[in-house]
Amino acid sequence: MMMRTTRRLLAAAALALPFVGTAQAQTWPERPITMVIPFAPGGPTDVVGRMIAESMGRDLGQNVLVQNVGGAGGTTGTARVAAAAPDGYNILLHNIGIATAPTLYRRLPYDPVTAFETIGLVTATPMIWLARPGLPVTNFAEMIRLVRERGEAVNLANAGLGSASQLCGTLFQASLGVRVTAVSYTGSGPIYPELMADRLDIYCDQTTSASSFVTSGRVRGLAVTTAEPMAQLPGIPTAGQAGLPGFEIGIWHGVYAPKGTPTPIVMRLNQALRVALADPRVVTRMNELGSPPEPVERQNPDVHRAHLVAEIARWRPVLQAAGQFAD
């Protein structure tokens, strides 16, 4: 008799769980939400996050506070959100690095596919090849020749193992079949002073943070990684036009919540994200940086999850062939 009663109670509790989530979502959010960006302030992913956080907060009726938790190529901040309570008060804004981490890190403390609820894709940011002012080249084709001739005598900066810039550099070396000397930093911020002072040779960065340095003439823009030239960076060819056919890469960004976050809260976060990506101020700024919002149909949690799975599979053989690991 007691066993039947216990079973009935357990069944009733199981049936009640969806309603608990719905009730929680009806009162959520009751306090500010933290958006963790797993990179240093001022970097390209930080720029994207801050553009959408304020608008999301207005729609949600609570502040969305950006918190930079850098370290280990983005895995430190990502692990923090993966371990957070699934109550909607901790979310993650990450880039393509969440898909390359499973290959780059042999002891990754989370599985990107199973540790998170996907909220929606935000934007795919092009990258641009940059050179120090004094590098003896005038265009991307000449840079390729210089790299082929000098090999490891050329310094190539990156913002840390697992970063977008490190991925771009890895693909570049694989495409040419050469090795250069990689110089790693903890974020993109420290790289620009070194590049402008001619202490680094070349760098591949996202246009969201590189554009102002290029348009002001402080560094030299040589080629963008898009299929077509960018109106925001006139006069700069694509990598394909400049001598490296097929070299196209966009650093996509997405928003995540810890696994188990109630579906009504996930959908409410998705709604706020969609509102942010339709905000005229956000759209204008993203377009100025050459990183327009993803199409509406790609702002969907299911599309986001499928994209994440496909990107993990896409980059695994490329990174394995490079033989570089971050741990």
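Residues numbered from 1 in each chain as written. Predicted model: local features only at pLDDT ≥ 70, side-chain atom pairs only at ≥ 80, totals over all residues. Heavy atoms only, no water.

(A) Structural detail: the side chain of T225. Note that T225 resides in the loop between β8 (220–224) and β9 (250–258). Here I249 takes part through its backbone oxygen, which lies 2.7 Å from a polar atom of the side chain of T225. Not counting residues up to four positions away in its chain, the partners in contact with T225 are P126, M127, F247, E248 and I249. (Helix = DSSP H or I, 4+ residues; strand = E, 2+ residues; numbered from the N terminus. Polar contact = N/O pair within 3.5 Å; in protein donor to acceptor, adjacent residues only side chain to side chain. Contact = heavy atoms within 4.5 Å.)

(B) Quick peek at the packing of aromatic side chains. Counted by the stated rule, this structure contains eight aromatic pairs. Judged by centre distance (6.1 Å) and plane angle (75°), the ring pair of Y110 and F116 falls under edge-to-face. Of the two residues, Y110 and F116, both sit in the buried class. A connected cluster of aromatic rings, assembled from ring pairs, spans Y110, F116 and Y256. Its guanidinium or amino end placed over the ring of Y89, R31 lies 3.7 Å from that ring's centre, counting from NZ or CZ. (Phe/Tyr/Trp six-rings, centres within 6.5 Å; stacked < 30°, edge-to-face > 60°. Buried < 20%, exposed > 50% of the residue type's maximum accessible area, 1.4 Å probe, protein only. Lys NZ or Arg CZ within 6 Å of the ring centre and 35° of its normal.)

(C) Region of interest: the nonpolar core. Of all hydrophobic cores here, the largest spans 51 residues; its most connected members are W129, F140, F172, I202 and F247. Of all the elements in the fold, those that place two or more residues in this core are α4 (97–104), β4 (116–131), α5 (140–150), α6 (164–176), β7 (202–206), β8, β9 and α11 (301–322). The dominant element in this core, judged by the number of residues it contributes, is α6, at six residues. With residues near it in sequence (within four places) discarded, I202 still touches W129, L130, A131, L135, M143, V147, V154, N155, L156, A157 and L195. Membership of the second largest hydrophobic core comes to 28 residues, among which are Y89, L93, I265 and L277. (Core = buried A, V, L, I, M, F, W, Y, C linked by side-chain atoms within 4.5 Å.)

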